[in-house]
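Coordinate inspection notes
Here is how the chains run, residue by residue.
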Amino acid sequence: MAFPIVRHRRLRQSAGMRSLVRETVLNVDDFIQPIFVTYGTGIKREIPSMPGVYHFSLDTLEEELKEIVDLGIKSVLLFGIPETKDAVGSSAFDENGIVQAATRKIKSLYPELLVVADTCLCEFTDHGHCGMVHTFEHEGHLHGDVLNDESLELLARTAVSQARAGADIIAPSNMMDGFVQAIRHGLDEAGYAHIPIMSYSVKYASAFYGPFREAADSAPQFGDRKSYQMDPANVREALREAQSDVEEGADMLMVKPALAFMDVIRLLRQEFDLPLVAYNVSGEYSMVKAAAQQGWINEQAIVTESLLGMKRAGADIIITYFAKDMARWLREGN
Ligand code: PBG
């Protein structure tokens, strides 16, 4: 009697079997929802290039928070649009700054909701750079050099003021050299040794941040961020950036943007054992929204597939403007 040929069986005969053998699943616990907070009252202003994403003043934020919590989302990432900007970004480390005020409000309403504070100066400086700059004129144009070490102290102050306001996690996105160490030291000195740092370790100088810069009004007024953010052509450098963050005391690592950098996510997953975050950035959001509005793609399917890809590549946590939508879709059981 002849034996049948050994063959690989596709385990896709039924929905039950498909879910039994599924390797990657999305869970509402994976997501961090970014929120933009601003001064004033009664404000819920849609960001033109990011349909469905808004600026909230502290009063209107309440309703949004309720929706987020009701959907089962457990963490938010705060970005602030301050009333005034200056050369050093003073409102970033003002105890009554917009991010600090929003953090206190969130923690008073929902103590369990994790507040991740983005620690950077670009939303607060009049020149739009992530640190202090030395400006000079050359051939009639304004130029500037980022002052790395001088910026570190301001960033540490910002982180401490965010922790004092109640932030659960400090997420520095400024990409100055030595920022993790400086912030760790600042937090420890101020009595916040227990507050973890989610480092934007591998942050590329990316065109995908375009809509965010409109949202945060933080486009650089001269030059670009290429002197401190990474070249999209490099991946070995990503390992060095992540390695130094680990040595400096980072508790979580991040790759940003996500979609064009899946290989980097995979590599960091293989090389490091810290929780790994993928940031599904503004431009990635806007492209999907725009195509969906045209009826050219199935938004839910595209978003699900993209976020699954990030997890499959190795991300444990995903920061995404789709967090609310995804939470809703998961709840509906699709
Ligand atoms: C601040 C910061 C940026 C983003 C997060 N934190 C902008 C930038 O570096 O220009 C981008 C997020 C997004 O595009 O969704 N440094």
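Owing to the predicted nature of the structure, the values given are computational and were not obtained by experimental measurement. (Residues numbered from 1 in each chain as written. Predicted model: local features only at pLDDT ≥ 70, side-chain atom pairs only at ≥ 80, totals over all residues. Heavy atoms only, no water.)

**Brief notes about the overall build of the protein chain**
A tally of regular secondary structure across the protein chain gives eleven helices and twelve strands. Expected size for 334 residues packed as a compact globule is a radius of gyration near 20 Å; at 21 Å, the protein chain falls within 12% of this value. Its C-alpha atoms give the protein chain principal-axis dimensions of about 85 × 45 × 45 Å. Put simply, the protein chain has 334 residues, and 53% of those count as buried. (Helix = DSSP H or I, 4+ residues; strand = E, 2+ residues; numbered from the N terminus. Rg over C-alpha atoms; globule rule 2.2 N^0.38 Å. Buried < 20%, exposed > 50% of the residue type's maximum accessible area, 1.4 Å probe, protein only.)

**Examining the nonpolar core**
Among the nonpolar cores identified, the biggest contains 100 residues, and F36 and M198 are the most heavily contacted of them. In terms of residues, this core owes the most to one element, helix α4 (residues 148-165), which gives six residues. Every residue in contact with F36, bar those within four places of it in the chain, is listed here: I47, V53, Y54, H55, F56, F79, I81, F212, A215, A216 and Y321. (Core = buried A, V, L, I, M, F, W, Y, C linked by side-chain atoms within 4.5 Å. Contact = heavy atoms within 4.5 Å.)

**Structural notes on the pairing of strand β6 (residues 133-138)**
Alignment of β6 against strand β7 (residues 141-146), held across six bridges, turns out to be antiparallel. Counterpart to H138 in the pairing with β7 is H141. Between β6 and β7, which pair antiparallel in sequence order, lie two residues; one of them, E139, sits at a positive phi of approximately 50°. (Pairing = 2+ DSSP bridges.)

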